[in-house]
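Okay, here's what each chain looks like letter by letter:
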Amino acid sequence: MTEIAHTTAASSPWLRVMAVLYDPFLWLGEAVGMRSHRRRLVGQASGRVLEIGAGTGLNVPHYPRAIDALLVAEPEPGMRRKLERRLARHDRQARVLDAPAERLPLPDASVDTVVSTLVLCTVADPTAALREIARVLRPGGRVLFIEHIRARSPFLAACQDALLRPWRAFGGGCECNRPTIELMRSQGFSVEAQDGVWRGMPVIVHPLAVGRARKLAAHG
């Protein structure tokens, strides 16, 4: 289960249902640890900030008031409505973008921080999404991320592989076995990440990577 930041699947009936069920489904996981991960990570955002796959806005309460501007991208209409309500509830000014991570309607080198929490597992084309992130980041900009990833444990990774298709159908396109950190590095990002556990959620999405990334100047 992820923030929804996809392309062709974004108007499916199941994703409209997910927009309603998303927060209740994640409630336990948020309460026993994910909310703390969000608070620590998102609190590091600075300058002009873009969040991709913002979903229902679970990161919204944690952004520093001192950031210059907040842009939140979410292509699924039901999620976007809940996102807008959460922004209003927390009195946060933000530009809401109807856009997937693979096609961001922003100029080159226009943001200082990109936030991605539980998104890169779900985008239809993670390589394209990472290229877009690199494109819109200013020199010296960074990506702050929490992503569930392919397990290091051979047994758990085998379980992820075996359950990929039913989980992807349930999770709106989420690939529980995606090697996201390796993909980031292959697209020219230097990555600093810590291992974590998404407690309160199904075991196949327990492995987390929490950290920061910067685009290497020489790449591309």
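An unreviewed UniProt entry lists the protein under the name Type 11 methyltransferase, with Mycolicibacterium anyangense given as the organism.

Draft legend 1. Inspection of the packing of aromatic side chains at higher detail. Scanning the entire structure with this criterion turns up two aromatic pairs. Ring geometry for Phe25 and Phe170: centres 5.6 Å apart, planes at 65 degrees, overall edge-to-face. Pair noted here: Phe25 is in helix α1 (residues 13-42) and Phe170 is in helix α5 (residues 164-170), with a separation of 145 residues, a long-range link. For Phe170, a relative accessible area of 30% gives the class partly exposed. Centroid distance Trp167 to Phe170: 5.5 Å. Interplanar angle 50 degrees. Geometry classified as tilted. Of this pair, Trp167 and Phe170 are both found in helix α5, three residues apart, which corresponds to roughly one turn of the helix. Through a chain of ring-to-ring contacts, the aromatic side chains of Phe25, Trp167 and Phe170 assemble into a single cluster.

Draft legend 2. Molecular detail of the UniProt feature "domain: Methyltransferase type" (unreviewed entry) in the protein. Here the UniProt-annotated "domain: Methyltransferase type" (unreviewed entry) positions come out as residues 50-145. Secondary structure content for residues 50-145 is 25% helix and 27% strand, while the C-alpha to C-alpha distance between its ends is 12 Å.

Rules and cut-offs
Per chain, residue numbering runs from 1 following the sequence as it is written. Residues qualify for local features only when their pLDDT is at least 70, as the model is predicted, and side-chain atom pairs are given and counted only at 80 or more; totals for whole chains, interfaces and linings, by contrast, use all residues. Side-chain measures were taken over the full set of non-hydrogen atoms in the model, leaving aside hydrogen atoms and water. Each Phe, Tyr or Trp ring (for Trp, its six-membered ring) is paired with any other whose centre lies within 6.5 Å, and the angle between the two planes then decides the class: stacked below 30 degrees, edge-to-face above 60, tilted in between. Note on conventions: DSSP H or I runs of at least 4 residues are helices, E runs of at least 2 residues are strands, and numbering of each starts at the N terminus. Using a 1.4 Å probe on the protein chains alone, a residue whose accessible area is under 20% of its type maximum counts as buried, one over 50% counts as exposed, and one in between counts as partly exposed. UniProt positions are given in the numbering used here, feature names are shortened, and annotations may be inferred rather than shown by experiment.

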